[in-house]
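Now for the letters of each chain:
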Amino acid sequence: MNETMICAVGNVATQPMYRDPESGASARFRLAVTARYWDREKNAWTDGHTNFFTVWANRQLAANTVASLNVGDPVVVQGRLKVRSESRDGASRAWADIDAVAIGHDLSRGTAAFRRTVRQDPGTAPTRPARDTDAGAERPEPQWETPAAEPAHRQEREPVAVT
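Definitions and cut-offs
- Residues numbered from 1 in each chain as written.
- Predicted model: local features only at pLDDT ≥ 70, side-chain atom pairs only at ≥ 80, totals over all residues.
- Heavy atoms only, no water.
- Core = buried A, V, L, I, M, F, W, Y, C linked by side-chain atoms within 4.5 Å.
- Buried < 20%, exposed > 50% of the residue type's maximum accessible area, 1.4 Å probe, protein only.
- Helix = DSSP H or I, 4+ residues; strand = E, 2+ residues; numbered from the N terminus.
- Contact = heavy atoms within 4.5 Å.
- Pairing = 2+ DSSP bridges.
- Salt bridge = Lys/Arg side-chain N within 4 Å of Asp/Glu carboxyl O.
- pLDDT = per-residue confidence, 0-100.

A. Examining the nonpolar core more closely. The biggest cluster of nonpolar side chains holds 17 residues, and the ones touching the most others in it are F29, L31, V55, V75, V77 and I98. At the level of elements, β1 (5-12), β3 (26-39), β4 (44-58), α1 (59-68), β5 (74-88) and β6 (91-105) are the ones that each hand at least two residues to this core. The dominant element in this core, judged by the number of residues it contributes, is β3, at four residues. Apart from residues lying up to four places away in sequence, V77 is in contact with I6, C7, A8, F29, L31, V55, I98, A100, A102 and I103.

Right under this line is the structure:
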């Protein structure tokens, strides 16, 4: 099947809306994607035109989207581009939608904590989990290095005199 797959990097512009009809769960939100370019005259980065996309997520991705995203969050969205157009009273309008395959926070602009989801009973609306920042809880830094003995190849050796 020939589909136009895109990857859009931008900010969540509207709070994700969730619905769960009999045909299956879905969520939608607006994504603002602003091009930036180097303006030689100003010698600075300048914002270009902002494009808005309606992002659609289905099934488990819909529930996870509603539980994870807020307005202003920087995100990366991958999915199928769908362009719709309509003519009314001589005026033509066009909309660009993204049928999302994957949605994630843009980690080049911040951090995120991943939590696996637990399957819910069908027909149950998702709930927004409490974030660590909401509760004011402080998370300890991860232990990247353990104090256990290092492997032999990493232990310090006495210098050898070379003659």
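B. Spotlight on α1. Buried residues of α1: L61, A62, A63, T65, V66 and A67, and no others. Along its buried surface, α1 packs onto β2 (17-19), β3, β4 and β6.

C. Summary view of the pairing of β6. Judged from the three bridges that link them, β4 and β6 form a sheet pairing that is parallel. Among the inter-strand pairings, W56 is bridged to a residue of β6, identified as D99. With 14 bridges joining them, β5 and β6 adopt antiparallel strand pairing. Looking across to β6, one finds that Q78 is bridged to A102.

D. Looking closely at the pattern of salt bridges. Tallied over the entire structure, the rule returns six salt bridges. A salt bridge links R84 to D97, with the shortest nitrogen-to-oxygen separation between them at 3.0 Å. Of this pair, R84 sits in strand β5 while D97 is found in strand β6, placing the two residues 13 residues apart along the sequence. Residue classification places D97 among the buried residues on the basis of a relative accessible area of 8%. In the salt-bridge network here, residues are joined through shared partners; they are E3, R80 and D99.

E. Highlighting the pairing of β4. In this structure, β3 lies alongside β4, joined through 13 bridges in antiparallel fashion. Within β4, the position partnered with R36 by the bridge is D47. Between β3 and β4, which pair antiparallel and follow one another directly, the connecting turn spans four residues, one of which, N43, has a positive phi of 55°.

F. Summary view of the confidence of the model for the protein. In the predicted model, the protein carries a mean pLDDT of 81, and the fraction of residues at 70 or more is 72%. Within the protein, the element-level pLDDT minimum falls on helix α2 (residues 132-135), averaging 49, and the maximum on β1, averaging 95. Taken together, the stretch residues 146-155 has pLDDT below 50 and engages in two contacts with residues farther than four places along the chain or on a different chain.

G. Structural view of the environment of M5. Note on placement: M5 falls in strand β1. According to the relative accessible area criterion, M5 is partly exposed, its value standing at 42%. In this structure the C-alpha to C-alpha distance between M5 and A100, which are 95 residues apart in sequence, comes to 9.5 Å.

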